[in-house]
There are 2 protein chains.
Amino acid sequence: MFADTPEPPYTAVIFTSLRSDQGGEDYQQMAAVMEKLASEHDGFLGVESARDDNGLGITVSYWSSHAAAGVFRRNGQHLVAQRLGRERWYSRYVLRICRVDHAREYADPADGLTDGSSG
Amino acid sequence: MFADTPEPPYTAVIFTSLRSDQGGEDYQQMAAVMEKLASEHDGFLGVESARDDNGLGITVSYWSSHAAAGVFRRNGQHLVAQRLGRERWYSRYVLRICRVDHAREYADPADGLTDGSSG
């Protein structure tokens, strides 16, 4: 659930979205397909995602560079998903492309969590 | 629920966290106090937050600069909250400080959503 990112600098794409009242299983399926597609792209570092009960979601994908993130953003299958997102799944979203300058981490020693990968 | 941010560049602080099994109302209260405290700081632009049913949460706060975000990070009340977070509320977290370089937005015209403020 946590992305296992390297030392900065790298790129973060913050996608904040509000779900419409349309879609359900089709949305979940597309989200899974897009995460797999992203992970097959050069420069993909990981993704973190959470959605509230009120429909607001934040997904942050991490990339080696803005250019690497841009290749995925312009991928043909992804463009189709983006169009469906606007037509069907989201009533609003904001996309922000960022350069990560600093990062720090805390893990409860009692939990023995030392590895970022969890599936 | 969406932050009403200006044209880039500005600063985003991405806080990805996993809640422990401790705390409840005390955590909610502190989160509200910290959001108010942040909003009273110079350079605060807004905040977006979502937490999944599985306990993973992403909060992104937006600031005019890394320096403005740093003043809040070192605020005395905030330092107390950070310590309680490590001792009690979070089993793990990652904090990333980013420069937002590009942003774009979509809003369903049918929803008439043109204003970023929602409370």
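Look up: the structure comes first, before these words.
Figured I'd write up the structure that's included with this text. (Residues numbered from 1 in each chain as written. Chains lettered and ligands numbered in written order. Predicted model: local features only at pLDDT ≥ 70, side-chain atom pairs only at ≥ 80, totals over all residues. Heavy atoms only, no water.)

## Considering the overall build of chain A
And then number 1: Helix and strand counts for chain A come out as three helices and four strands.
And then number 2: For chain A, whose C-alpha radius of gyration is 15 Å, the value lies close to the compact-globule estimate of 14 Å for 119 residues.
And then number 3: Taking the principal axes of the C-alpha coordinates as reference, chain A spans close to 45 × 35 × 20 Å.
And then number 4: In chain A, 77% of the contacts between residues at least 6 apart in sequence involve partners at least 24 apart. (Helix = DSSP H or I, 4+ residues; strand = E, 2+ residues; numbered from the N terminus. Rg over C-alpha atoms; globule rule 2.2 N^0.38 Å. Contact = heavy atoms within 4.5 Å.)

## What to know about the pairing of strand 1 (residues 10–19) of chain B
Residues and elements named next belong to chain B.
And then number 1: In terms of residue burial, strand 1 counts as a mostly covered element, since ten of its ten residues are buried.
And then number 2: Here strand 1 shows a buried face lined by Tyr10, Ala12, Ile14, Thr16 and Leu18 and a second buried face lined by Thr11, Val13, Phe15, Ser17 and Arg19.
And then number 3: Bridge analysis of strand 1 against strand 4 (residues 90–107) gives ten bridges, and the strand direction is antiparallel. Among the inter-strand pairings, Thr16 is bridged to a residue of strand 4, identified as Val94.
And then number 4: Where strand 1 and strand 3 (residues 56–63) come together, eight bridges link them in antiparallel fashion. (Buried < 20%, exposed > 50% of the residue type's maximum accessible area, 1.4 Å probe, protein only. Pairing = 2+ DSSP bridges.)

## Structural notes on helix 2 (residues 66–73) of chain A
And then number 1: Where helix 2 of chain A is concerned, the buried positions are Ala68, Ala69, Gly70, Phe72 and Arg73 of chain A.
And then number 2: Of the surrounding secondary structure, the elements contacted by the buried residues of helix 2 of chain A are strand 1 (10–19), helix 1 (25–39), strand 3 (56–63), helix 3 (76–89) and strand 4 (90–107) of chain A together with strand 4 of chain B.

## What about the nonpolar core?
Grouped burial of nonpolar side chains is what soluble globular proteins tend to show.
And then number 1: Counting 20 residues, the largest nonpolar core has Ile14 and Val60 of chain A together with Ile14 and Val60 of chain B as its most contacted members.
And then number 2: If near-sequence neighbours (up to four positions away) are discounted, Ile14 of chain A is found in contact with Ile58, Thr59, Val60, Val94, Leu95, Arg96 and Cys98 of chain A together with Ala12, Ile14, Val60 and Tyr62 of chain B. (Core = buried A, V, L, I, M, F, W, Y, C linked by side-chain atoms within 4.5 Å.)

## As for the side chain of His78 of chain B
Residues and elements named next belong to chain B.
And then number 1: Note on placement: His78 falls in helix 3 (residues 76–89).
And then number 2: Relative accessible area serves as the criterion here: at 15%, His78 is assigned to the buried category.
And then number 3: Ignoring sequence-local partners within four residues, the contact set of His78 consists of Met34, Leu37, Phe72 and Arg73.

## Some details on the side chain of Thr11 of chain B
All names here are of chain B.
And then number 1: Topologically, Thr11 is positioned in strand 1.
And then number 2: A polar contact of 2.7 Å, which involves the side chain of Thr11, links it to the side chain of His66.
And then number 3: Residues in contact with Thr11, not counting those within four places in the same chain, are Ser61, Tyr62, Trp63, Ser65, His66, Ala69, Ile97, Cys98 and Val100. (Polar contact = N/O pair within 3.5 Å; in protein donor to acceptor, adjacent residues only side chain to side chain.)

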